[in-house]
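Close look at the chain arrangement
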Amino acid sequence: MIKVALLLSRFDMTGMTTNTIDLYHGLKHFSGEVDTYLIVGDSPQYRQRGVERFYNIFTSDDHFITYKSDLSTKPRSIATAWRVARLLRRGSFDLVHCESPYYTFIPKFCGIPFIATMHVTDIHPTFFYRRGTHVISISRETTDWAIKVCKHRAADVTMVPHGVSLRFAQPLSDDLKQSVCNQYSLPTDKVIISLVGSIEPRKGHDLLLKAVAALPISIRQAAHIIFVGSDKSPGKKSQHWLDSEIQKSGLPTSMITHIEFCDPYPIYQLSDIMTLPSRQEGFPLTVIEAMMARCAVVRTTSEGADIQINDGIDGFLFHIDDVAHFSQILARLITDKELRDTISIRAQQKAIDQFSETTMARNTLSVYRKILAPKITIPDL
């Protein structure tokens, strides 16, 4: 039996949080081989609107451990690190899986074997990011980053694409769909185009607005845009940016709905098309969640695209900032329901087959077994 700690700095409005929770739940399917604990920082300022629910769902789980986290000053940051170190030492863990890469210095200090997940291509070797026994990458791009920038040996990097809960594949009843439409004043006679992601320029909200604005009026009037996500920037700079982009697009505000960060499941179920026009990503979970929910997905060729989407078969790809191509794809999907249905059915099957949380957990457990093979012997999966 392997005893593993999944270490996360805090729950927040990012895919790292969602992925960590999905991995934790996925590893529960292999409880005969791995005993998994989820260790997460907690403080009043972390429990923002929308994030509180993540903490609440684990209230009665004795494998969920929180620690007081305060990173506001250097002394308080040191105290936080010391609290985490004490938890890891007392837990007698065989392995620490750092979902927050810049916490790898803590198990390093404790002398406990550890690995990290390379979620994005902006991690750099520092005192806080230490190279562990192994690293899990989530895309070809993060694999290259781990080797070329973070200087891991190729043999010490394993790619395990993210997976998501099969709950996204469960259809929403007509009554609940109507309830959600009423809650957010959404039209029921339009083609719904969604973008689920934090409000920030790299996510490409402006590209979606420009692509829709470029559509012929007859096609544009058949669509409605939903943005789901919150602004994490100081002074709400990103929200001001989005408001400005909406105004510049010339689109009527009546055809755009903005919903703050929330569980996106019902929005996927209402969406006909889910877009992710990002300029930079890691392995965006929103794409897989939307595919699982039978949406026709359109995304850029940013990180993870080649693994997630087979262009024209189970989704559509366009090059970063290519608004003209993006607009052409949207025009086809808005006007051709049969195409939307064909693409979305294939997308859902692919997501179920390749990107479930159970598949992710199985592949992650294989990495644990590989690392700890000299110490621990467990049966093959």
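Everything below is about the structure shown above.
On a predicted model such as this, the values are computed, not experimentally measured, just so you know.

1. Regarding the overall build of the protein
Within the protein, the regular secondary structure consists of 15 helices and 13 strands. Sorting the 381 residues of the protein into buried and exposed places 57% on the buried side. A separation threshold of at least 6 residues defines the contact pool for the protein, and within that pool the share at least 24 residues apart is 66%. Per element, the accessible surface of the protein, about 16500 Å² overall, is 52% carbon and sulfur.

2. Some points on the packing of helix α7 (residues 205-213) against helix α9 (residues 237-249)
Each packed pair of helices is defined by two parameters, the angle between the axes and the distance between the axes. Two elements in contact, α7 and α9, have axes whose closest approach is 10 Å; the angle formed by their N-to-C orientations is 10 degrees. Judged by the inter-axis angle, α7 sits roughly parallel to α9. Contacts between α7 and α9 involve H205, D206, L209, K210 and A213 from the former and W241, L242, E245, I246 and S249 from the latter. Among the residues making up the contact of α7 with α9, the classes are represented as five nonpolar, two polar and three charged.

3. Re unusual backbone geometry
A positive phi is found at K151, a non-glycine position, where the angle reads about 65 degrees. Residue position: K151 is located in the loop between α5 (140-148) and β7 (157-159). Its relative accessible area of 55% is what places K151 among the exposed residues. At K236, a position not held by glycine, the phi torsion is positive, near 55 degrees. Locating K236 in the fold gives a position in the loop between β9 (223-228) and α9.

4. A word on the pattern of salt bridges
Scanning the entire structure with this criterion turns up 12 salt bridges. With a shortest N-O distance of 2.9 Å, D156 and R153 are connected by a salt bridge. Judged by its relative accessible area of 57%, R153 is exposed. When the shortest N-O distance is used, the salt bridge between R279 and D206 registers 2.8 Å. Here D206 lies in helix α7 and R279 lies in the loop between β11 (273-276) and α11 (285-292), a separation of 73 residues in the sequence. Judged by relative accessible area, R279 falls into the partly exposed class, the value being 28%. Judged by relative accessible area, which is 6%, D206 ranks as buried. One network of salt bridges, with partners in common, ties together E200, R202, K203 and E281.

5. So, a nonpolar patch on the surface
Together, Y102, F127 and F128 make up a nonpolar patch on the protein surface, roughly 320 Å² of accessible area in all. Here F127 lies in the loop between β5 (114-118) and β6 (134-137). Accessibility expressed as a relative area gives 54% for F127, which makes it exposed.

6. With respect to α7
Most of α7 sits inside the fold, with seven of its nine residues counted as buried. Among the residues making up α7, those that are buried are H205, D206, L207, L208, L209, A211 and V212.

7. Quick notes on the nonpolar core
Ranked by internal contacts, the top residues of the largest apolar core, which has 37 residues, are Y268 and M291. Within the residue set of this core, elements represented by two or more residues are α6 (174-184), β8 (191-196), β9, α10 (265-270), β11, α11, α12 (305-308) and α14 (337-354). When sequence neighbours within four positions are dropped, the list of residues in contact with Y268 reads F168, V196, M274, T286, E289, A290, A293 and C295. In terms of nonpolar packing, the next biggest core, distinct from the first, is built from 34 residues, A223, W241, F326 and A331 among them.

8. Details of the packing of aromatic side chains
Counting across every chain of the model gives 17 aromatic pairs. Consider the rings of F11 and F54, whose centres lie 5.8 Å apart with planes at 55 degrees: the pair is tilted. With a gap of 43 residues between them, F11 in the loop between β1 (2-8) and α1 (15-27) and F54 in helix α2 (residues 52-56) connect regions that are remote in the sequence. Residue class for F11 comes out buried when judged on its relative accessible area of 1%. In this structure F54 comes out as buried when scored by relative accessible area, which is 6%. Here a set of aromatic residues connected by ring pairs shows up, and it is made of F11, Y24, F54, Y55, F58, F64 and F261.

9. Overview of the sheet that holds strand β10 (residues 256-259)
Strand-to-strand pairing in sheets goes through backbone hydrogen bonds, with the strands running parallel or antiparallel. Reading across the sheet, the six strands line up as β10-β9-β8-β11-β12-β13 and stay open at both edges, with parallel pairing between neighbours. Two strands close off the open sheet at either side, each with one partner strand: β10 and β13 (316-318). Along the sheet, successive strands turn relative to each other by an average axial angle of 20 degrees, direction set aside. Here helix α13 (residues 323-335) sits on the sheet and contacts β8, β9, β11, β12 (296-300) and β13; the angle it forms with β13, its principal contact strand, is near 160 degrees.

10. Regarding α1
Look at α1: 18 Å from first C-alpha to last across 13 residues, which is about the 18 Å you get at 1.5 Å a residue. Listed as buried for α1 are T17, N19, T20, I21, D22, L23, Y24, G26 and L27.

11. Re the sheet that holds β6
Within the open sheet, the seven strands sit side by side as β3-β2-β1-β4-β5-β6-β7. Their pairing is parallel. With partners counted over all chains shown, the strands left at the sheet margins are β3 (64-68) and β7, one partner each. Each strand of the sheet is rotated relative to its neighbour by a mean of 25 degrees, with strand direction disregarded. Here strand β2 (residues 34-42) pairs with β3 via five bridges, running parallel.

Thresholds applied
- Residues numbered from 1 in each chain as written.
- Predicted model: local features only at pLDDT ≥ 70, side-chain atom pairs only at ≥ 80, totals over all residues.
- Heavy atoms only, no water.
- Helix = DSSP H or I, 4+ residues; strand = E, 2+ residues; numbered from the N terminus.
- Buried < 20%, exposed > 50% of the residue type's maximum accessible area, 1.4 Å probe, protein only.
- Contact = heavy atoms within 4.5 Å.
- Areas by Shrake-Rupley, 256 points an atom, 1.4 Å probe, with all protein chains shown as cover.
- Axes fitted to C-alpha atoms, helices over the stretch in contact; angles between N-to-C directions.
- Parallel < 35°, antiparallel > 145°, perpendicular 65-115°, else oblique.
- Nonpolar A, V, L, I, M, F, W, Y, C, P; charged D, E, K, R; others polar.
- Salt bridge = Lys/Arg side-chain N within 4 Å of Asp/Glu carboxyl O.
- Patch = residues over 30% accessible without salt bridge, like charges linked within 9 Å, V, L, I, M, F, W, Y side chains within 5 Å.
- Core = buried A, V, L, I, M, F, W, Y, C linked by side-chain atoms within 4.5 Å.
- Phe/Tyr/Trp six-rings, centres within 6.5 Å; stacked < 30°, edge-to-face > 60°.
- Pairing = 2+ DSSP bridges.
- Expected span 1.5 Å × (residues − 1).

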